[in-house]
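Descriptive analysis of the structure
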Amino acid sequence: MTTLTQYFPSVSDVKMAHQNMKGVVINTPLMANLHLSETHGAIILLKREDLQVVRSYKIRGAYNKMSTLASMEKQRGIVCASAGNHAQGVAYTCHLLGIRGKIYMPATTPSQKVQQVQMFGKAQVEIVLVGDTFNDAYAEAIKECEEKQLTFIHPFNDPAIIEGQGTVGLELLEATANIDYVLVPVGGGGLAAGISSVLKTLSPTTRIIGVEPAGAAAMKTSIERGENTTLNTIDKFVDGAAVKRVGDYTFGICKELLDEVVTVPEGKICSTILQLYNKDAIVAEPAGALTIAALEQLQDRIKGKKIVCVLSGSNNDITRTEEIKERSLLYEGIKHYFIVRFPQRSGALREFLTKVLGSNDDITHFEYSKKNSREKGPAVVGIELQSPADFEPLLQRMQALNYFGEYLNDRPDLFQYLI
């Protein structure tokens, strides 16, 4: 290794990591999913990393890295930065190995993940909530390491972490043969880098597709530009995979070994989370559902093939359910928001309900502001339809009867402010 981007993990190093974590990390099942297989006309297998003790694959890299630290490094203690899953893996490892850890997490991290980190680490860890993104937490964690000479446990940009995550690839090949496609979620790139290093050596005909959220496509952007690129802004909804910049190590590996990187809209991810729960009783976090959400756009290519989707985690906060449902309905074209201009006369609302709304339409949001000096008073109205096909007829009735003011779904500036 001469530069960051020239590092590639060897299969022997990944096998050593796999041996190292025996008794701690579960060899998770590779499970056929009947519903997805029938829907896509393919053999769809789910690698259930959500069944790890910390409910994500992150324990693999964290344990591999921390168990191989020098004695002095273990005595001084460690620091990490994480949006949640890496923090849980680090915290659990701190408890197992008796290492003191200070864990920096974005202040926006769901409370469920914060509580889980404390539960797994017990008295061995201290949690610091700071900033709005992983990058904010990362900056504070690095400062702590430099000031106190502590070891930083990076969530993805570290050879030992990548080799630990690569053990998922070994388990896939032990469980089944002749895999046509492996779909891997991409945040910082550690899992994708590790799995691709193993598969491209031991199963070179298997195509590996990285999957990112559309609002945080740092790897896809970097590969397209030919250099590791920092995004200016990201959508933080898929908190387990929303980073502004991927690792230098992971970028160097992924740009060479991934066959493709695709993106999935956050709304589609939400629909997938709900479908997995309702049809398969699987609780998936947004990052965990990424690969399954990508199947539809790959439909033509995967028909009749054997596909592995890595279901990377299940640390979902129940308080996010309403937001997940809302994003899903917006994406599916079921829920729509408008500024409606109501004439300030008796019976206007009744007319809207009887002549504008369809028989199966439902008002789910209504905020009205009466303006005595104006002919019409504006209201923000949310309408849930039974089918996306009901939208155009609704719009035509609103316009014909002069109720239409503005459609808000296409106006993110107004939408975020008003809704």
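Quick note: structure is the one above.
Summarised in this report is the structure supplied together with it.

Conventions adopted
- Starting from 1, residues in each chain are numbered consecutively following that chain's sequence as written.
- At least 70 in pLDDT is required for a residue's local features to be given in this predicted model, at least 80 for side-chain atom pairs to be given and counted, and no such filter applies to totals for whole chains, interfaces and linings, which use all residues.
- To get the side-chain values, all heavy atoms of the structure are used, and hydrogens and water are removed first.
- Counting from the N terminus, the helices are the DSSP runs of H or I reaching at least four residues and the strands are the DSSP runs of E reaching at least two.
- Per-residue accessibility, obtained with a 1.4 Å probe over protein chains only, is compared with the maximum for each type, and a residue is labelled buried under 20%, exposed over 50%, and partly exposed between these values.
- Here, residues are in contact when the closest pair of their heavy atoms is within 4.5 Å.
- In this analysis, rings of Phe, Tyr and Trp, with Trp reduced to its six-membered ring, are considered paired at centre separations within 6.5 Å, and the interplanar angle assigns stacked below 30 degrees, edge-to-face beyond 60, and tilted for intermediate values.
- In this scheme, strands are said to pair when DSSP sees at least two bridges between them.
- With strands facing away from the observer, any crossover in which the path from the first strand over the helix to the second runs clockwise is taken as right-handed.
- We call a set of buried residues a nonpolar core when its members are Ala, Val, Leu, Ile, Met, Phe, Trp, Tyr or Cys and they connect through side-chain atoms within 4.5 Å of each other.
- Every angle, taken between N-to-C directions, lies between 0 and 180 degrees, and every axis is a line fitted to C-alpha atoms, over only the stretch in contact when it is a helix.
- What makes a crossing left-handed is the near helix being turned counterclockwise from the far one by less than a right angle; a clockwise turn instead makes it right-handed.
- Amino acids are sorted into nonpolar (Ala, Val, Leu, Ile, Met, Phe, Trp, Tyr, Cys and Pro), charged (Asp, Glu, Lys and Arg) and polar (every other residue, Gly among them).
- Disulfides are defined in this document as cysteine sulfur pairs within 2.5 Å.

1. Thoughts on the overall build of the protein
Secondary structure assignment for the protein yields 19 helices and 14 strands. In terms of its C-alpha atoms, the protein occupies a principal-axis envelope of roughly 80 × 55 × 40 Å. For the protein, the residues scored as buried account for 55% of the 419 residues in total. Looking at the protein alone, contacts between residues at least 24 apart form 74% of all its contacts between residues at least 6 apart.

2. With respect to the packing of aromatic side chains
Counting across every chain of the model gives 13 aromatic pairs. Judged by centre distance (5.7 Å) and plane angle (70°), the ring pair of Phe-342 and Tyr-403 falls under edge-to-face. Of this pair, Phe-342 sits in strand β11 (residues 335-343) while Tyr-403 sits in the loop between α18 (391-400) and β14 (404-407); the two residues are 61 residues apart in sequence, bridging distant segments of the chain. Across the pair, Tyr-403 and Phe-342 agree in class, each one buried. Joined through ring pairs, the aromatic side chains of Phe-342, Phe-352, Phe-366, Tyr-368 and Tyr-403 make up one cluster.

3. Overview of the pairing of strand β7 (residues 181-185)
Most of β7 is tucked away, with 5 of its 5 residues classed as buried. Alternating residues of β7 divide into Tyr-181, Leu-183 and Pro-185 and Val-182 and Val-184, and every residue in both groups is buried. One ladder, built from 5 bridges, connects β7 with strand β8 (residues 207-213); its direction is parallel. Its bridge partner lying in β8, Val-184 is registered against Gly-210. For the crossover that starts at β7, traverses helix α10 (residues 190-202) and ends in the parallel β8, the hand is right-handed. In this sheet, strand β10 (residues 306-311) lies alongside β7 in parallel orientation, the contact comprising 3 bridges. The residue of β10 that forms the bridge with Tyr-181 is Ile-307.

4. Let's talk about the nonpolar core
Counting 42 residues, the largest nonpolar core has Val-182, Val-184, Leu-191, Ile-195 and Met-219 as its most contacted members. In this view, Val-184 contacts Leu-191, Ala-192, Ile-195, Ile-208, Ile-209, Gly-210, Val-211 and Thr-291; residues no more than four positions away in its chain are not counted. Formed by 32 residues, the second largest nonpolar core is a distinct cluster that contains Ile-209, Val-238, Cys-270 and Ala-284.

5. Examining the packing of helix α13 (residues 266-280) against helix α16 (residues 321-331)
The interhelical angle for the contact between α13 and α16, taken along N-to-C directions, is 115°, at an axis separation of 7 Å. Pair α13 / α16 crosses with left-handed handedness. Where α13 approaches α16, its residues Glu-266, Gly-267, Lys-268, Cys-270, Ser-271, Ile-273 and Leu-274 are matched on the opposing element by Ile-324, Lys-325, Arg-327, Ser-328 and Tyr-331. Residues of the contact of α13 with α16, tallied by class, amount to 5 nonpolar, 3 polar and 4 charged.

6. Concerning unusual backbone geometry
What you tend to see is this: most non-glycine residues have negative phi, and most peptide bonds are trans. The backbone of Lys-122 sits at a positive phi, close to 50°, despite the residue not being glycine. Relative to the elements of secondary structure, Lys-122 occurs in the loop between α6 (111-121) and β5 (125-129). Phi angles above zero are rare outside glycine, and Asn-178 is one such case at about 55°. Checked against the element boundaries, Asn-178 lands in the loop between α9 (167-175) and β7.

7. Some points on the state of the cysteines
Covalent bonding between the sulfur atoms of two cysteines defines a disulfide. The final tally for this structure, using the stated rule, is 0 disulfides. Left without a disulfide partner, Cys-145 is nearest to the cysteine sulfur of Cys-80, which lies 9.4 Å away. Assessed through its relative accessible area of 7%, Cys-145 is described here as buried. A disulfide-free cysteine, Cys-270 has its sulfur positioned 18 Å from the sulfur of Cys-309, the nearest such atom.

That's the geometry; what it means functionally is another story.
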